[in-house]
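Coordinate analysis (summary)
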Amino acid sequence: MCGNNQTMVTELVLIGFQNNYMFRIVLFCFVILVYLFTFFGNLVIILLVSFNYYLHCPMYFFISNVALADLIITTSIVPNMLFIIWLEGHSMSINGCLSQYFFVFVSTYAQCCLLMVMSFDRYLAICLPLQYSSIMNMTISIRLVFVCWMIGILLINVEIIIISQLQFCSSNIIDHFFCDFAPLLALSSSKVYALAWLDISFNIFVIFLPFVFIVVSYIYIFMVILKISSSKGRRKAFSTCSSHLLVVCTYYGSLIGVYMSPSHANAFFENKMKSLLFVMLTPFTNPIIYSMRNKEIINTMKNIYRKRRLKH
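Residues numbered from 1 in each chain as written. Predicted model: local features only at pLDDT ≥ 70, side-chain atom pairs only at ≥ 80, totals over all residues. Heavy atoms only, no water.

Looking only at helices and strands, the chain features ten helices and three strands. The order of helices and strands in the chain, counted from the N terminus, is β-α-α-β-α-α-α-β-α-α-α-α-α. Looking at the 312 residues of the chain, the share that counts as buried comes to 45%. In the chain, the share of contacts with a sequence separation of at least 24, taken over all contacts with a separation of at least 6, comes to 79%. (Helix = DSSP H or I, 4+ residues; strand = E, 2+ residues; numbered from the N terminus. Buried < 20%, exposed > 50% of the residue type's maximum accessible area, 1.4 Å probe, protein only. Contact = heavy atoms within 4.5 Å.)

Glancing now at the state of the cysteines. For the coordinates displayed, the defined rule picks out one disulfide. Not engaged in a disulfide, the cysteine cysteine 113 finds its nearest cysteine sulfur in cysteine 148; these two sulfurs lie 4.9 Å apart. (Disulfide = S-S within 2.5 Å.)

Now for the packing of helix 3 (residues 94-127) against helix 5 (residues 138-164). Orientation of helix 3 relative to helix 5, taken along the N-to-C sense of each, is 145°, at an axis distance of 8 Å. In the packing of helix 3 onto helix 5, the handedness of the crossing is right-handed. Taken together, the residues of the contact of helix 3 with helix 5 sort by class into 20 nonpolar, four polar and one charged. (Axes fitted to C-alpha atoms, helices over the stretch in contact; angles between N-to-C directions. Left-handed = near helix turned anticlockwise from the far one by under 90°. Nonpolar A, V, L, I, M, F, W, Y, C, P; charged D, E, K, R; others polar.)

This brings us to the sheet that holds strand 1 (residues 11-14). The three strands lie next to each other as 2-1-3, forming an open sheet whose pairing is mixed. Each edge of the open sheet carries a strand with a single partner, namely strand 2 (90-93) and strand 3 (173-174). As paired strands, strand 1 and strand 3 are joined by two bridges and run parallel to one another. Within strand 3, the position partnered with valine 13 by the bridge is isoleucine 173. Contacts from helix 2 (residues 58-87) reach strand 1 and strand 2 within the one sheet, and its direction differs from that of strand 2 by about 140°. Together, strand 1 and strand 2 form the strand contacts of helix 3, whose direction differs from that of strand 2 by roughly 90°. (Pairing = 2+ DSSP bridges.)

Taken as a whole and judged by the stated rule, the model has two cavities of 30 Å³ or more. The volume enclosed by the largest cavity comes to roughly 40 Å³. Around the largest cavity, the lining residues are Met59, Ile63, Met118, Asp121, Arg122, Thr240, Ser243, His244 and Tyr290. Its volume calculated, the second largest cavity comes out at about 30 Å³. For the second largest cavity, the full set of lining residues is Leu12, Ile94, Cys97, Leu98, Phe168 and Leu184. With three residues, helix 3 is the single largest residue contributor to the lining of the second largest cavity. (1 Å grid on protein atoms, 1.4 Å probe; cavity = no way out; pocket = protein on both sides within 12 Å on 5 of 7 lines; lining within 4 Å. Points joined across faces, edges and corners; volume = space filled by probe spheres on them.)

With that out of the way, let us pick up the nonpolar core. With 90 residues, the main nonpolar core has Val31, Met81 and Met280 as its most contacted residues. Sorting elements by how many residues they give to this core places helix 3 first, with 18 residues. Not counting the four nearest positions on each side in its chain, valine 31 is found in contact with Val78, Met81, Leu82, Ile85, Leu276 and Met280. (Core = buried A, V, L, I, M, F, W, Y, C linked by side-chain atoms within 4.5 Å.)

The next subject is the pattern of salt bridges. Any two side chains of opposite charge can pair, given that their charged atoms come close. All chains considered together, the criterion is met by two salt bridges. Measuring nitrogen to oxygen at the nearest pair gives 3.5 Å for the salt bridge that ties arginine 24 to glutamate 88. Separated by 64 residues along the polypeptide, arginine 24 in helix 1 (residues 21-51) and glutamate 88 in the loop between helix 2 and strand 2 bring together distant segments of the chain. Taking relative accessible area as the criterion, arginine 24 reaches 12% and is therefore assigned buried. With relative accessibility at 31%, the residue glutamate 88 sits in the partly exposed group. One salt bridge connects arginine 122 with aspartate 121, and the closest N-O pair in it is separated by 2.6 Å. Each member of the pair, arginine 122 as well as aspartate 121, is classed as buried. (Salt bridge = Lys/Arg side-chain N within 4 Å of Asp/Glu carboxyl O.)

As a further point, take helix 5. Compared with an ideal rise of 1.5 Å per residue, which puts 27 residues at 39 Å, helix 5 spans 38 Å between its outermost C-alpha atoms and is within 8% of the ideal. All of the buried residues in helix 5 are Ser141, Val145, Cys148, Trp149, Gly152, Leu155, Ile156, Glu159, Ile160 and Ile163. Summarising the contacts, the buried residues of helix 5 are in contact with helix 2, helix 3, helix 6 (181-187) and helix 7 (193-227). (Expected span 1.5 Å × (residues − 1).)

This brings us to the pairing of strand 1. Residues Leu12 and Leu14 of strand 1 are buried on one face, while the alternating residues Glu11 and Val13, pointing to the opposite face, are not. Where strand 1 lies against strand 2, four bridges are found, and the strand directions are antiparallel. Its bridge partner lying in strand 2, valine 13 is registered against serine 91.

Per the UniProt entry, the sites bearing "transmembrane region" (unreviewed entry) are residues 21-54, 60-86, 98-120, 140-164, 204-226, 238-261 and 273-292 in this numbering. The span residues 21-54 is 91% helix and 0% strand, and its two end C-alpha atoms sit 50 Å from each other. Secondary structure within residues 204-226 divides into 100% helix and 0% strand; the distance between the first and last C-alpha atoms comes to 32 Å. (UniProt positions renumbered as here; feature names shortened; annotations may be inferred.)

See below:
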């Protein structure tokens, strides 16, 4: 319970980026433009994979789920963030904050697992091509994707249950633009050491271990590619995994830049800008990478465009 001179907090205020008027205008326009491109870019990939028979294979099914995860993350954060930027702060109920936390980090955890599964898919395609169709088919890929999402849902539900038991007294100001883990713990008046260690354990299991798996997979993939005698064969083999490799580098590069790069104490503005980069960079670049690096997606888009022209 809160002390005698404290009141139980039922509503949180996210203050986001409090700066001069011109900065807010520029940031607002930048965020909304990036979000619109991210939203429609990922939506197009999901629709292309869903409604085109030629893209009904494990690799593109995984790509569509990565696009779905990006869509959920940005849509859970950006619309409310636009209010925060424009109004220099915006209130949110604790339940609303926990709901945002749930959707953002379920999708984040699922995406880490999906990237790991995609690296396994590329390993099978390049290192064990004769056994690929017997090991990786649509039934197996659906089950793997289901497991990826269930891991995120189960782990984040555990955190949500524990966070909902925390006490929030007196202060209700979150110096951030979304309900992230660290600002929520900093605001709580309860003991949070056990929850902090639980979150670290989850991050090791869902973020670090998949990264190790991806690195090991690509070591084997590169070893096999280097053994290919013809340069044309090497280029063809590398092209099948280049888009996934670029996404992994972008995702984990931005993750390390945000959470592992040194920052000055109390550098709240710097930390928020890093988080903004992480939240928007990968969802923005993924549609570009998959569209530019996959001939099947490009050809499907061209065919749709030709059919529409013929109808008119």
